[in-house]
Amino acid sequence: MKRFLGLSLLLGISLFKAQEHLSSFNAVTLTYKFHPKFFLYAEGQLRGNEDYTYPDYYEIKGGLGYNLTKNHKPFIGLGRYVNYKDHSLSREEFRVWLQDVIDFKKGIVKFENRFRAEKSWFYEPQTDKTSQRMRYRYRLNISVPLNSKTIQKGTVFANAYDEIFFVSPMKPTFARNRVYGGFGYQIDDYFGILTGYLWQREFEAKGNKNLHFIYLALNINIDGTDHKVKTYDFPGAD
């Protein structure tokens, strides 16, 4: 099985290189639950969109979440997002957003519905151009533990999602679609790792554009409350 998976991965990489190219998507996330109802979230990303080995995009973001119920988690966040073109800064973005996450379980399978509304302000230093955008996103994220009934220390799990993006006032309104599939491993009470493949379709780019990402992430969960039962959050590629 291990040889088969390894050969499949090598074949997939060869096909991508022959047709388009691979991009890198690396992330570190931190979830800190400091109150039974409230938690802080922070994330840093580094991507190589045009060249796998050369980062040309980064983002730093974070916010505050509220556990309205066990399965309902409103959140408010903000972040800075920076793009480079030909090794020069091409666009800066400041973003704020509101989101709502509603999840439920069916057996061992967890279904997460995430709704998000974003407001962005852009600045392009090379042309001194400014612009704004509203964007609306919906994601269905599915997680399945593979060697236990719940995700806990030592658990291997599978994760997949589909996310759609709508923008205003730019056209086309349906701007992007993301599909992800991968695996994760909960190392201990604090650290988890994920890796997988993310396909992104850009409908707003001229002639449309496909991006093929290899996703690598380190997730850190800290529960500062007195609860004996620990929960693990896996944000997924965002």
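In this text, all values refer to a predicted model and were calculated from it rather than measured experimentally. (Residues numbered from 1 in each chain as written. Predicted model: local features only at pLDDT ≥ 70, side-chain atom pairs only at ≥ 80, totals over all residues. Heavy atoms only, no water.)

**Q** Please explain the sheet that holds strand β1 (residues 22–33) as it appears in this structure.
**A** To summarise the sheet geometry, strands pair through backbone hydrogen bonds and adopt either a parallel or an antiparallel arrangement. With mixed pairing, the 11 strands of this closed barrel are ordered in space as β1-β2-β3-β4-β5-β6-β7-β8-β9-β10-β11. Adjacent strand axes in the sheet meet at a mean angle of 20 degrees, parallel and antiparallel pairs treated alike. In this sheet, strand β11 (residues 209–223) lies alongside β1 in parallel orientation, the contact comprising 12 bridges. Bridge pairing in β11 places Lys33 opposite Asp223. (Pairing = 2+ DSSP bridges. Helix = DSSP H or I, 4+ residues; strand = E, 2+ residues; numbered from the N terminus. Axes fitted to C-alpha atoms, helices over the stretch in contact; angles between N-to-C directions.)

**Q** What's the story with the nonpolar core in this structure? I'm lost.
**A** Core analysis: the biggest nonpolar cluster contains 15 residues, and Phe25, Tyr180, Leu194, Leu198, Tyr215, Phe234 and Ala237 have the highest contact counts within it. Only β1, β8 (156–168), β10 (191–202) and β11 provide two or more residues apiece to this core. Per element, the largest residue contribution to this core is four residues, and it comes from β11. Ignoring sequence-local partners within four residues, the contact set of Ala237 consists of Phe25, Arg139, Tyr161, Arg178, Leu198 and Tyr215. By size, the runner-up hydrophobic cluster in this structure holds six residues, among which are Phe39, Tyr41, Tyr57 and Trp97. (Core = buried A, V, L, I, M, F, W, Y, C linked by side-chain atoms within 4.5 Å. Buried < 20%, exposed > 50% of the residue type's maximum accessible area, 1.4 Å probe, protein only. Contact = heavy atoms within 4.5 Å.)

**Q** I tried to follow the pairing of strand β2 (residues 38–48) on my own but got confused; where do I start?
**A** Looking down a regular strand, the side chains alternate between one sheet face and the other. With 10 bridges connecting them, β1 and β2 associate as antiparallel partners. By the bridge assignment for β2, Ala27 is matched with Gln45. Linking two consecutive strands that pair antiparallel, namely β1 and β2, is a turn of four residues. Relative to strand β3 (residues 57–66), β2 runs antiparallel, the two being bridged by 10 bridges. For Glu43, the partnering residue across the bridge sits in β3 and is Lys61.

**Q** Is there a simple way to think about the pattern of salt bridges in this case?
**A** One side chain can pair with another of opposite charge once the charged atoms of both are near each other. Tallied over the entire structure, the rule returns 20 salt bridges. A salt bridge links Asp238 to Arg114; its shortest N-O distance comes to 3.1 Å. With Asp238 in the segment after β11 and Arg114 in strand β6 (residues 109–124), this residue pair connects regions lying 124 residues apart in the sequence. Residue class for Arg114 comes out buried when judged on its relative accessible area of 5%. (Salt bridge = Lys/Arg side-chain N within 4 Å of Asp/Glu carboxyl O.)

**Q** Would you mind going over the packing of aromatic side chains with me for this structure?
**A** The geometry of two aromatic rings is summed up by the distance between their centres and the angle between their planes. What the rule picks out here adds up to 15 aromatic pairs. Look at Phe115 and Tyr138: their rings are 5.0 Å apart centre to centre, the planes differ by 40 degrees, and that puts the pair in the tilted class. Separated by 23 residues along the polypeptide, Phe115 in strand β6 and Tyr138 in strand β7 (residues 129–145) bring together distant segments of the chain. By relative accessible area, which is 41% here, Phe115 ends up partly exposed. Through a chain of ring-to-ring contacts, three or more aromatic side chains come together here, namely Phe25, Tyr161, Tyr180, Phe213 and Tyr215. The ring of Tyr81 is capped by Arg95, whose NZ or CZ atom sits 3.8 Å from the centre of that ring. Between the NZ or CZ atom of Arg139 and the centre of the ring of Tyr161, over which it lies, the distance is 4.9 Å. (Phe/Tyr/Trp six-rings, centres within 6.5 Å; stacked < 30°, edge-to-face > 60°. Lys NZ or Arg CZ within 6 Å of the ring centre and 35° of its normal.)

Just distances and angles here, no functional claims.
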